[in-house]
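Structural overview
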Amino acid sequence: MTEKPTTVISNSCSFSGIRPAMADLPYPPLQVKEKNPVYASLLSIDYCGAVSELSAITQYINNENRISCEHCSLAKTLLGIAMAEMMHLQKLGDLIRLLGGRVDFAAKQPNGRMHLWTPEYLTLPDQIGQMIAADIEAEQAAISQYRMHIKMIRDENVNAVLSRIIVDEEYHIMLLRSLNVRP
C-alpha cells in the first residue's frame, strides 16, 4: 500500500506586531455627568446595532480571514482597523455602564424595542474591491450615526469620547482609500 503524499496549506502571513489603526491622539477620560438610561440606550446602538462597533469588528475580521493567504498586506491593515474598533467597543461598553445601562448584545431603540445583534447586519462580498467599498460605506455610516448621537446627547464627557472615535473612523476611511483597491 502506497501512502499518498500529504499536502500542507498554510498561511504565511504573520500578524505579529500588528497594532490598532488609530489616530495618534489621546482619548478623553471615560466619565459621565450623571446616569442617563436614554443615553445608554443610544450608545447601545453604537455598541451592537446594525451600524455598530460589533458589526465593524466582525466584518473586518471576516474580510481579513478570507484574504490573508493571498493579500497579506491588505489583511494586516484590516486587522489593525478591527483592533481599533475593539477598543471603541470597550470604551462604549464602559460609557454604557457609567450611564447606568447594561452591556449586552441588544441595541435598545428609542421606542423601547430591543434588537439583538445578528450577522445579518454585515456586508460580506467576495471581491476584494467590493469588501473595501463596503468597509468604507460602513465607516461613513458610523460617523453619521455618531454625529447624530452627539446632537442628541447633552453630556460633554460622552460627546468628547464619541468625537474622538469619529477621528479614528475618518482615519480608517483614509487608510482604506489609500489601498487603491477598486470595486
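Presented here is an overview of the structure given in this document. Bear in mind that the values here come from a model prediction, so they are computed numbers and not experimental data.

**A short note on the overall build of the protein chain**
If you tally the helices and strands in the protein chain, you get five helices and two strands. Mapped from its N terminus to its C terminus, the protein chain presents α and β elements in the order α-α-α-β-β-α-α. Here the C-alpha coordinates of the protein chain stretch approximately 75 × 35 × 30 Å along the principal axes. Sequence separation of at least 24 residues holds for 80% of the intrachain contacts in the protein chain that already meet a minimum separation of 6. Total accessible area on the protein chain is roughly 10,300 Å²; 54% of this is exposed by carbon and sulfur atoms. Distance from the positive charge centre (17 side chains) to the negative charge centre (20 side chains) of the protein chain: 3 Å.

**So, the nonpolar core**
Leu43 and Val158 are the most contacted members of the largest nonpolar core, which has 44 residues in total. At the level of elements, helix H1 (37-48), helix H2 (53-67), helix H3 (72-98), helix H4 (128-152) and helix H5 (156-178) are the ones that each hand at least two residues to this core. The biggest single contributor to this core is H3, with 10 residues. Residues within four places of Val158 in sequence aside, it is in contact with Gln31, Val32, Leu43, Leu95, Leu99 and Ile153.

**Considerations on the pattern of salt bridges**
Inspection of the entire model under this criterion finds seven salt bridges. In this structure, Asp104 engages Lys108 in a salt bridge whose closest nitrogen and oxygen atoms are separated by 2.7 Å. Each of Arg102, Asp104 and Lys108 takes part in salt bridges that share partners, so that together they form one network.

**Comments concerning the state of the cysteines**
What is meant by a disulfide is a covalent connection between two cysteines, made through their sulfur atoms. Summed over the entire model, instances satisfying the criterion amount to one disulfide. Here Cys13 connects covalently by a disulfide to Cys72, the sulfurs 2.1 Å from one another. With the S-S bond torsion at 80°, the cross-link from Cys13 to Cys72 turns out right-handed. Of this pair, Cys13 sits in the segment before H1 while Cys72 is found in helix H3, placing the two residues 59 residues apart along the sequence. You can call Cys13 buried: its relative accessible area is 8%. Among the residues examined, Cys72 registers a relative accessible area of 25% and is labelled partly exposed. The cysteine Cys69 is free of any disulfide, with Cys13 supplying the nearest cysteine sulfur at 8.3 Å.

**A short note on the environment of His172**
With respect to the helices and strands, the residue His172 is situated in helix H5. Residues contacting His172, with those up to four places away along its chain left out, are Ala21, Ile81, Ala84, Glu85, His88 and Glu139.

**Focus on the packing of H2 against H4**
The contact between H2 and H4 brings their axes to 11 Å, and the two run at 165°. Considering the angle they form, H2 stands roughly antiparallel to H4. Both H2 and H4 take part in a crossing whose hand is left-handed. Seen from H2, the contacting residues are Glu53, Gln59, Tyr60, Asn63, Arg66 and Ile67; seen from H4, they are Ile128, Met131, Ala134, Asp135, Ala138, Glu139 and Tyr146. Classifying every residue of the contact of H2 with H4 gives seven nonpolar, two polar and four charged.

**Some words on the environment of Glu139**
As for its position among the elements, Glu139 is in helix H4. Spatially, the C-alpha atoms of Glu139 and Ala23 are 15 Å apart, while their sequence positions differ by 116 residues. Reaching out from Glu139, the side chain makes a polar contact with the side chain of His172 at a distance of 3.2 Å.

**As for the packing of aromatic side chains**
This structure, assessed with the given rule, holds one aromatic pair. Plain terms: the ring middles of Trp117 and Tyr121 are 6.5 Å apart, the flat faces sit at 80° to each other, and that makes the pair edge-to-face. Residue placement shows Lys91 over the ring face of Tyr27; its charged tip is 4.6 Å from the ring centre. Taking NZ or CZ as reference, Arg164 lies 4.2 Å from the ring centre of Tyr27, over its face.

Definitions and cut-offs
- Residues numbered from 1 in each chain as written.
- Predicted model: local features only at pLDDT ≥ 70, side-chain atom pairs only at ≥ 80, totals over all residues.
- Heavy atoms only, no water.
- Helix = DSSP H or I, 4+ residues; strand = E, 2+ residues; numbered from the N terminus.
- Contact = heavy atoms within 4.5 Å.
- Areas by Shrake-Rupley, 256 points an atom, 1.4 Å probe, with all protein chains shown as cover.
- Lys, Arg positive; Asp, Glu negative; His and termini not counted.
- Charge placed at Lys NZ, Arg CZ, Asp CG, Glu CD.
- Core = buried A, V, L, I, M, F, W, Y, C linked by side-chain atoms within 4.5 Å.
- Buried < 20%, exposed > 50% of the residue type's maximum accessible area, 1.4 Å probe, protein only.
- Salt bridge = Lys/Arg side-chain N within 4 Å of Asp/Glu carboxyl O.
- Disulfide = S-S within 2.5 Å.
- Axes fitted to C-alpha atoms, helices over the stretch in contact; angles between N-to-C directions.
- Parallel < 35°, antiparallel > 145°, perpendicular 65-115°, else oblique.
- Left-handed = near helix turned anticlockwise from the far one by under 90°.
- Nonpolar A, V, L, I, M, F, W, Y, C, P; charged D, E, K, R; others polar.
- Polar contact = N/O pair within 3.5 Å; in protein donor to acceptor, adjacent residues only side chain to side chain.
- Phe/Tyr/Trp six-rings, centres within 6.5 Å; stacked < 30°, edge-to-face > 60°.
- Lys NZ or Arg CZ within 6 Å of the ring centre and 35° of its normal.

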